[in-house]
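As a plain string of letters, each chain reads:
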Amino acid sequence: MFYDVKKVVIITEKLIRDGVLKIVEAAGATGYTVHETGGKGSRGIRSEERPHVVEAFFNVQVDVIATEAVARQIAEEVAATYFTNYSGITYVQDVEILRPAKFEHHT
Amino acid sequence: MFYDVKKVVIITEKLIRDGVLKIVEAAGATGYTVHETGGKGSRGIRSEERPHVVEAFFNVQVDVIATEAVARQIAEEVAATYFTNYSGITYVQDVEILRPAKFEHHT
Amino acid sequence: MFYDVKKVVIITEKLIRDGVLKIVEAAGATGYTVHETGGKGSRGIRSEERPHVVEAFFNVQVDVIATEAVARQIAEEVAATYFTNYSGITYVQDVEILRPAKFEHHT
Amino acid sequence: METLFALATKVVAQLQSATLGFLIGGMVIAALGTRLQIPNAIYQFIVFMLLMAIGLEGGMEIRDANLVEMILPAISAVVLGLVAVLLGLVTLARLPGIKTDDALATAGLFGAVSSSTLAAGMAALDESNVPYEGWVPALYPFMDTPALILAIVLATVLRARASGEAAERVRVWPIVKESLQGGALTALLLGLALGLITRPEAVYESFYHPLFRGLLSVLMLVMGMEAYARLHELRRVAQWYAVYALFAPLVNGFLGFGLGYLAHVATGFSPGGVVLLAVIASSNSDISGPPTLRAGIPTANPSAFIGASTSIGTPVAIALGIPLFIGLAEVVF
Amino acid sequence: METLFALATKVVAQLQSATLGFLIGGMVIAALGTRLQIPNAIYQFIVFMLLMAIGLEGGMEIRDANLVEMILPAISAVVLGLVAVLLGLVTLARLPGIKTDDALATAGLFGAVSSSTLAAGMAALDESNVPYEGWVPALYPFMDTPALILAIVLATVLRARASGEAAERVRVWPIVKESLQGGALTALLLGLALGLITRPEAVYESFYHPLFRGLLSVLMLVMGMEAYARLHELRRVAQWYAVYALFAPLVNGFLGFGLGYLAHVATGFSPGGVVLLAVIASSNSDISGPPTLRAGIPTANPSAFIGASTSIGTPVAIALGIPLFIGLAEVVF
Amino acid sequence: METLFALATKVVAQLQSATLGFLIGGMVIAALGTRLQIPNAIYQFIVFMLLMAIGLEGGMEIRDANLVEMILPAISAVVLGLVAVLLGLVTLARLPGIKTDDALATAGLFGAVSSSTLAAGMAALDESNVPYEGWVPALYPFMDTPALILAIVLATVLRARASGEAAERVRVWPIVKESLQGGALTALLLGLALGLITRPEAVYESFYHPLFRGLLSVLMLVMGMEAYARLHELRRVAQWYAVYALFAPLVNGFLGFGLGYLAHVATGFSPGGVVLLAVIASSNSDISGPPTLRAGIPTANPSAFIGASTSIGTPVAIALGIPLFIGLAEVVF
Ligand SMILES: Nc1ncnc2c1ncn2[C@@H]1O[C@H](COP(=O)(O)O)[C@@H](O)[C@H]1O
Ligand SMILES: Nc1ncnc2c1ncn2[C@@H]1O[C@H](COP(=O)(O)O)[C@@H](O)[C@H]1O
Ligand SMILES: Nc1ncnc2c1ncn2[C@@H]1O[C@H](COP(=O)(O)O)[C@@H](O)[C@H]1O
Ligand code: NA
Ligand code: NA
Ligand code: NA
């Protein structure tokens, strides 16, 4: 049996990773996965290969599987908190999972 | 022309990567893509950055594009085989591809 | 408010990354994200871990969020230009984003 | 009394050693929240360099060594690995709230060997000008592999017995292979082979040997930072693991000293060799043991065995064990 | 006239130094589109090695140093860091089209310290056989942290005043912590502590010291390549940043030379120490300053401060500043 | 007869060399399924270090060298690169079941140069105390670039001819650039320039030179592991590639020895230089050649050229070629 939930993806500066993860956990997500990436957007190229002479100036991608409400809240909160001063994008996708209890907040 | 197929994603301990890939290939997938990741779930934080003093104790993410039947079978088999003793999650998504023959098992 | 757009993913040899990115930018995408990956497909295993004794012989994954038309055009153009001689796959997915203006070409 | 005082003085003097300083420094900066990172690639390369150096020297020494002298220490190593696991089974596993699987995995780790502790022991002996046979570090696999195998076999057998089923025959060879294929042991064994067969003197003297001590200092820093980082895992599990991790290195190490002493009397094993055997016994595998055990005893909780080993076992073996065994040797010999 | 000529000769001679060659070589090959990459892991490790070496030597020297001699130079370092930021506020920030936040972040970076420039200065003094007190490089944090803090505090206060709100009290301690937790400063401070407390002579002489110059050459190559790669960021912002980046290292450096000279007269600060203080003042933080500023002044545009610092400030400090201050010392002392 | 025997003895003696031991050791542990990995970052840095060392030494030597003596060897290098490709066209390309594109790409790789084989050759000459002109390793690009260009140009022309279309003019300059921008060649050329223009003696003697032999041993291990890992690619393609890969290094090497000998007679090229020219000719590009060829001849199957080169060509050149050419030199000179 597969169940419908959401995946929210945040791609942003490594520098604010910890802030993003705080929002993710506070919203009630049960976990997250982090990738190191490079990329280009409105604020220029960030590379994961070149020596990071400037410590922490490249991208991370955070993927969170969560219920629809939690996922949308994370996307909106991250964008509202950070995307005026820091570069980043966020998007939400449909996913089907097997163990819905694993992705619901244990209160 | 785009065709509808599925993507199954498995995020789990690097240690069991080879076992997961065996299931993927046995199910008839024609390929896979592997990412190194870090993350947090029910069993604590795994980081891809810190020295892996403990060899092989971080995460890999395996993405497989396959027909719906194959994708669901991979998700279920990986979960049944490994997720009692090892940490990990799996999910399935819709994707559209161009060359359907490339993702069907050649028997 | 969330808006529906597409994500196109290209997984191919690192060697042709710059060519792929040119197609991405020419098609009007406003940005992209690049991951280093390993994988296996019809042309054998590529690993991101082993020393790349052969410079540049492993995979990159390029993710582009764009309008449907742009996304499909990128997928088709990359496949037509490169996938006869180089290994690679491409697929398109639905995504919901927050700031549609960010992903439309500024002309 | 006087000897006890001499021992204490010796132990305190060792505390000023740079090796130990880097280990403790690593813990302190991690506790202070540093963003300093030794990249994983560097860490892996350092482990390779140290074990290749140990292997090469061992191989070159064995060429001219009296093989008979090696027999007793080698047997001692095997015995020490096995005894450590059995000791864990009759102590840790019997404690309240401890699962047998978790206990056996932990005892397996403490029976196995740590390359970082071994290298720290070699550096400490060099600093104290205590000579030892160059092949002693090569006893590593003689203790490591048997400990891991015994832990996995016992866990499998006891689990089967508990569930009332006939125990499936444990296939030992795959475990041996898995253990020897680990990065650290491969480097050691390859170094041994190259030291025995080829003429690596020039590359050893110009590269592996002079870099040994410096690379070790970086490794100590990493181990210290890791010890702190893993503490939170230890907090998730029963406190008995912390208690075990405090005593097991010392008990195993004294057993090693004892067997080494017998070999000293019987076949002239050097005092430095006795100390190093004790250090190896005292050490617990922090690199390649955990995945072997995770694969071999999948039902065991990794937080239990890794936290105990990395956060307490290794610091105890290095900071207490090494000075203690060196001090003891100065008193005994 | 004659002294000016002597100065010019000295500066030209320095241009043949290998250190500078690697820096310029890095720019050239980047401009030619090389695919050569020094892996990030290697870069991070080199920075660690250099700062650990600097720290260890500083710590070992401080053990036997006359602490009174260190007071004036240390105070000078703090003053230089603060003055650099204030100078930026009354020059760069007043220029047309320059946002105050961007100007303060840039001035903070130029007030802070670059480990690569510092290491290059040490190598240049060694090549010229100019001795200096071993603890001078350890003045690094005395200039770095105050500069970063002042820039962030001023930006916060001015922003509040501009928006008419009561300025929220800036909490200084988190900024100090954030700054000291950076990888480079941690390595330096840990090295200092280990040099003071333990006996790292052997590992320093066998590892950190002999590798210093070579690792520095690789770092110079990286900095050169990075300087070229960041040029495009500089092109996005007002040209005043380029002008500022050209003059600030020299102005800050000469101020450093001046204060150092006073310490020379007052408490016998060595000529080499004066030069090194000037080099530290002249340098601008290219590694750990930027994220601290990015976090502390989030409204500032990183393209402005990073481009100016990495692409112009660092090359100017190394290629012009260092030979200039060494030449000046030969003329003055 | 006697000379043949002397040659054989020499070759066997070389088999005990540590360099070769690491290469073969790498193959063996890969075959045994080791999990040991030399991280990619370390591998890339080692290649940089070796080629920078080669470049610096070459540059410093060229400063005082008689440029006339360099002319014949440099011309020989170009000729050898071109001849190797042409030989591949008239042999490999004519074999049954071999596509011309694949054959040309393979021949281009074997005409090009391997930095690892070159460094192994230098180490072997040093061990045998055979001196050579310090600029000989810098002949690398004189052979490498022409071979790659000729292979790509021929493939393009022949493909056009086969399809009946007018051959599009092949633009040679982009290929030259692409080839010289590769990481390995950049390091070599930058080293040359720095050696010529600046005074890198101190950093060379304290860093690049003493680490050379040790880093080479690690590189040999990587090449050995890689040779084994690529074997499966070779199995996918016609066996003629394996046959070609077995003979081409020796044929190309003997041609190199011959031309070098002529230069010896004509302008006094040293015996060690002759050997090194043979080694360069014998070597095949395993690092930067493949992507240049993949981009230049996209229709060629990489499994064919990479398998042949990495799994057979390089081991043959190092394990057979180097001892053979050194032995030959002892007999001839
Ligand atoms: N259209 C896009 N598609 C995919 N990734 C993007 C896109 N735009 C931005 N990004 C990613 O988000 C990061 C920050 O974007 P920005 O805030 O536009 O500078 C970039 O470095 C990319 O990694
Ligand atoms: N809710 C989640 N969203 C995204 N990734 C997750 C989530 N939960 C777990 N993961 C990933 O799966 C790994 C294993 O999870 P667990 O089995 O819960 O420890 C974690 O380390 C994460 O990388
Ligand atoms: N079915 C698949 N699912 C996921 N990734 C794939 C699949 N097939 C190919 N790939 C990826 O695309 C790369 C090139 O594939 P190919 O052109 O088939 O050799 C592989 O190395 C994989 O990373
Ligand atoms: Na042990
Ligand atoms: Na400064
Ligand atoms: Na060749």
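Throughout what follows, the structure given in this document is the object of discussion. (Residues numbered from 1 in each chain as written. Chains lettered and ligands numbered in written order. Predicted model: local features only at pLDDT ≥ 70, side-chain atom pairs only at ≥ 80, totals over all residues. Heavy atoms only, no water.)

Attention shifts here to the coordination of the sodium ion (ligand 4). At the metal site, the sodium ion (ligand 4) is ligated by F110(D) (O), G111(D) (O), A112(D) (O), A281(D) (O) and S283(D) (O), and these contacts range over 2.4 to 3.0 Å. Along the chain, the residues donating to the sodium ion (ligand 4) fall in the pattern F-G-A-x168-A-x1-S. (Donors = N, O, S within 2.8 Å, 3.2 Å for Na, K, Ca; no water.)

This part is about the environment of A151(F). Residue and element names in this part refer to chain F. Looking at the element boundaries, A151 is found in helix 7 (residues 140–162). Along the primary structure A151 and A103 are separated by 48 residues, whereas in three dimensions their C-alpha atoms are 9.2 Å apart. In this structure, A151 is in contact with V85, L104, G108, L293 and I297, ignoring residues within four places of it in sequence. (Helix = DSSP H or I, 4+ residues; strand = E, 2+ residues; numbered from the N terminus. Contact = heavy atoms within 4.5 Å.)

All names here are of chain E. Only F110 (O), G111 (O), A112 (O), A281 (O) and S283 (O) from the protein reach the sodium ion (ligand 5) as donors, at distances of 2.4 to 3.0 Å. Linear spacing of the donor residues for the sodium ion (ligand 5) on their chain is F-G-A-x168-A-x1-S. Linking A112 in the loop between helix 5 (100–111) and helix 6 (115–127) with S283 in the loop between helix 12 (271–282) and helix 13 (289–296), this pair joins segments that are 171 residues apart in sequence. Side by side, A112 and S283 carry an identical accessibility label, which is buried. (Buried < 20%, exposed > 50% of the residue type's maximum accessible area, 1.4 Å probe, protein only.)

Time to look at the pattern of salt bridges. By the definition in use, this model includes 42 salt bridges over all chains. Residue K14(A) is joined to E36(A) by a salt bridge in which the shortest nitrogen-to-oxygen separation is 3.7 Å. Residue K14(A) is found in the loop between strand 1 (3–13) and helix 1 (17–26), and its partner E36(A) is found in strand 2 (residues 32–41); the two are separated by 22 residues along the sequence. On the basis of relative accessibility, which here comes to 16%, the residue K14(A) falls in the buried class. Note that E96(A) and K6(B) form a salt bridge whose closest N and O atoms lie 3.7 Å from each other. On the criterion of chain membership, the pair formed by E96(A) in strand 5 (residues 88–97) and K6(B) in strand 1 (residues 3–13) is interchain, its members lying in two chains. The pair E96(A) / K6(B) is uniform in exposure class, with both members buried. Connected via shared salt-bridge partners are K6(A), E68(A), R72(A), D94(A) and E96(C). (Salt bridge = Lys/Arg side-chain N within 4 Å of Asp/Glu carboxyl O.)

On to the site of ligand 1, then. Of all residues adjacent to ligand 1, which total 21 residues, the nearest are S42(A), N59(A), G88(A), T33(C) and K102(C). Among the chains of the assembly, those with residues near ligand 1 are chains A and C. Note that a nitrogen atom of ligand 1 is positioned 2.9 Å from one of the backbone N or O atoms of I65(C). One nitrogen or oxygen atom from the side chain of K102(C) is found 2.4 Å from an oxygen atom belonging to ligand 1. The protein chains hide 99% of the 480 Å² of surface that ligand 1 would expose on its own. Elements that contribute at least two residues to the shell around ligand 1 include exactly strand 2 and strand 5 of chain A together with strand 2 (32–41) and strand 4 (59–66) of chain C. Among the elements that line the shell around ligand 1, the one with the most residues is strand 2 of chain A, at 4 residues. Taken together, the residues that form the shell around ligand 1 break down as 6 nonpolar, 10 polar and 5 charged. (Near = heavy atom within 4 Å. Polar contact = N/O pair within 3.5 Å; in protein donor to acceptor, adjacent residues only side chain to side chain. Areas by Shrake-Rupley, 256 points an atom, 1.4 Å probe, with all protein chains shown as cover. Nonpolar A, V, L, I, M, F, W, Y, C, P; charged D, E, K, R; others polar.)

In this model, helix 2 (residues 68–82) of chain C (15 residues) spans 21 Å end to end at C-alpha, consistent with the 21 Å of a helix rising 1.5 Å per residue. Among the residues making up helix 2 of chain C, those that are buried are V70(C), A71(C), R72(C), I74(C), A75(C), V78(C), A79(C) and Y82(C). (Expected span 1.5 Å × (residues − 1).)

Attention shifts here to the site of ligand 2. Residues in close proximity to ligand 2 total 21 residues, the closest being T33(A), K102(A), S42(B), N59(B) and G88(B). Per-site note: the chains with residues close to ligand 2 are chains A and B. Computed on the free molecule, ligand 2 has an accessible area of 480 Å², of which 99% lies beneath the protein chains in the complex. Taken together, the elements giving at least two residues each to the shell around ligand 2 come down to strand 2 and strand 4 (59–66) of chain A together with strand 2 (32–41) and strand 5 (88–97) of chain B.

Let's shift gears to helix 5 (residues 100–111) of chain D. Residue and element names in this part refer to chain D. Counted at 1.5 Å a residue, the expected span for helix 5 with its 12 residues is 16 Å, and the 16 Å between its end C-alpha atoms agrees. Most of helix 5 is tucked away: 11 of the 12 residues are buried. Taken residue by residue, helix 5 has D101, D102, A103, L104, A105, T106, A107, G108, L109, F110 and G111 as its buried positions. On its buried face, helix 5 is in contact with helix 4 (67–90), helix 7 (140–162), helix 11 (240–267), helix 12 (271–282), helix 13 (289–296) and helix 14 (302–332).

Here the focus is the arrangement of the chains. Spatially, chain C and chain D are disjoint, and the shortest separation between their C-alpha atoms is 10 Å. In this view chain A stays clear of chain F, with the nearest C-alpha atoms of the two still 10 Å from each other.

As a further point, take unusual backbone geometry. Even without being glycine, N129(D) reaches a positive phi, approximately 55°. Tracing the chain through its elements places N129(D) in the loop between helix 6 (115–127) and helix 7.

Now for the pairing of strand 1 of chain B. Residue and element names in this part refer to chain B. Along strand 1, 9 of the 11 residues are buried, which leaves the element largely enclosed by surrounding structure. When strand 1 meets strand 5, the two strands line up antiparallel, connected through 10 bridges. Within strand 5, the residue paired with K6 across the bridge is D94. Across 8 bridges, the pairing between strand 1 and strand 4 (residues 59–66) is antiparallel. Pairing of E13 across the sheet is with N59, part of strand 4. (Pairing = 2+ DSSP bridges.)

A few words on the interface of chain A and chain B. Taken together, the contact between chain A and chain B spans 24 residues of the former and 24 residues of the latter. Summed over both sides, the interface of chain A with chain B buries roughly 1900 Å², with 46% coming from carbon and sulfur. For the pair chain A and chain B, the interface holds 3 salt bridges. A salt bridge links K40(B) to E25(A), with the shortest nitrogen-to-oxygen separation between them at 3.0 Å. Taken together, chain A and chain B are joined by 11 residue pairs in polar contact (both at pLDDT 80 or more). At the level of secondary structure, the elements contributing two or more residues to the side of chain A that touches chain B comprise helix 1, strand 2, strand 4 and strand 5 of chain A. A breakdown of the residues in the side of chain A that touches chain B according to their chemical character gives 9 nonpolar, 5 polar and 10 charged. Here 2 bridges tie strand 5 of chain A to strand 5 of chain B, and the two strands are oriented antiparallel to one another. Its bridge partner being in strand 5 of chain B, E96(A) is matched across the sheet by V92(B). (Buried area = accessible area lost by both parts, 1.4 Å probe.)

Residue and element names in this part refer to chain E. Running from N to C, helix 11 (residues 240–267) and helix 14 (residues 302–332) cross one another at 35°; their axes reach a closest spacing of 8 Å. Here the hand of the crossing between helix 11 and helix 14 comes out right-handed. When its residues are assigned to classes, the contact of helix 11 with helix 14 shows 20 nonpolar, 3 polar and no charged. (Axes fitted to C-alpha atoms, helices over the stretch in contact; angles between N-to-C directions. Left-handed = near helix turned anticlockwise from the far one by under 90°.)

Further remarks concern the relation of the copies chain A and chain B. Mapping chain A onto chain B leaves a residual RMSD of 0.0 Å; the transformation is a rotation of 120° accompanied by 0.0 Å of translation along its axis. In symmetry terms, the pair is related by a three-fold rotation axis. Interface overlap between copies is the fraction of interface residues in one copy that are interface residues in the other; for chain A against chain B it is only 8%, indicating separate surfaces. (Least-squares fit on C-alpha atoms with pLDDT ≥ 70 in both.)

This part takes up the nonpolar core. Among the nonpolar cores identified, the biggest contains 251 residues, and F48(D), Y208(D), F48(E), Y208(E), F48(F) and Y208(F) are the most heavily contacted of them. For F48(F), the contacting residues outside a window of four places in its chain are L36(E), I38(E), V218(E), L221(E), A187(F) and Y208(F). (Core = buried A, V, L, I, M, F, W, Y, C linked by side-chain atoms within 4.5 Å.)

Moving on, we come to the packing of aromatic side chains. This structure, assessed with the given rule, holds 27 aromatic pairs over all chains. Centroid distance F257(F) to F333(F): 6.2 Å. Interplanar angle 40°. Geometry classified as tilted. Here the residue F257(F) occupies a position in helix 11 (residues 240–267), and F333(F) occupies one in the segment after helix 14 (302–332), the gap between them amounting to 76 residues. Given the relative accessible area of 5%, F257(F) is considered buried. Joined through ring pairs, the aromatic side chains of F22(D), F207(E) and Y208(E) make up one cluster. Here the guanidinium or amino end of R72(A) rests over the ring plane of F2(C), the centre of that ring lying 4.6 Å away. (Phe/Tyr/Trp six-rings, centres within 6.5 Å; stacked < 30°, edge-to-face > 60°. Lys NZ or Arg CZ within 6 Å of the ring centre and 35° of its normal.)

Another point: the environment of E69(E). Residues and elements named next belong to chain E. Relative to the elements of secondary structure, E69 occurs in helix 4 (residues 67–90). Note on E69: relative accessible area 29%, which makes it partly exposed. Once the C-alpha coordinates of E69 and L36 are considered, the two residues, 33 residues apart in sequence, prove to be 46 Å apart. Apart from residues lying up to four places away in sequence, E69 is in contact with W135 and T267.

Keep in mind that these numbers describe shape and distance, not what the molecule does.
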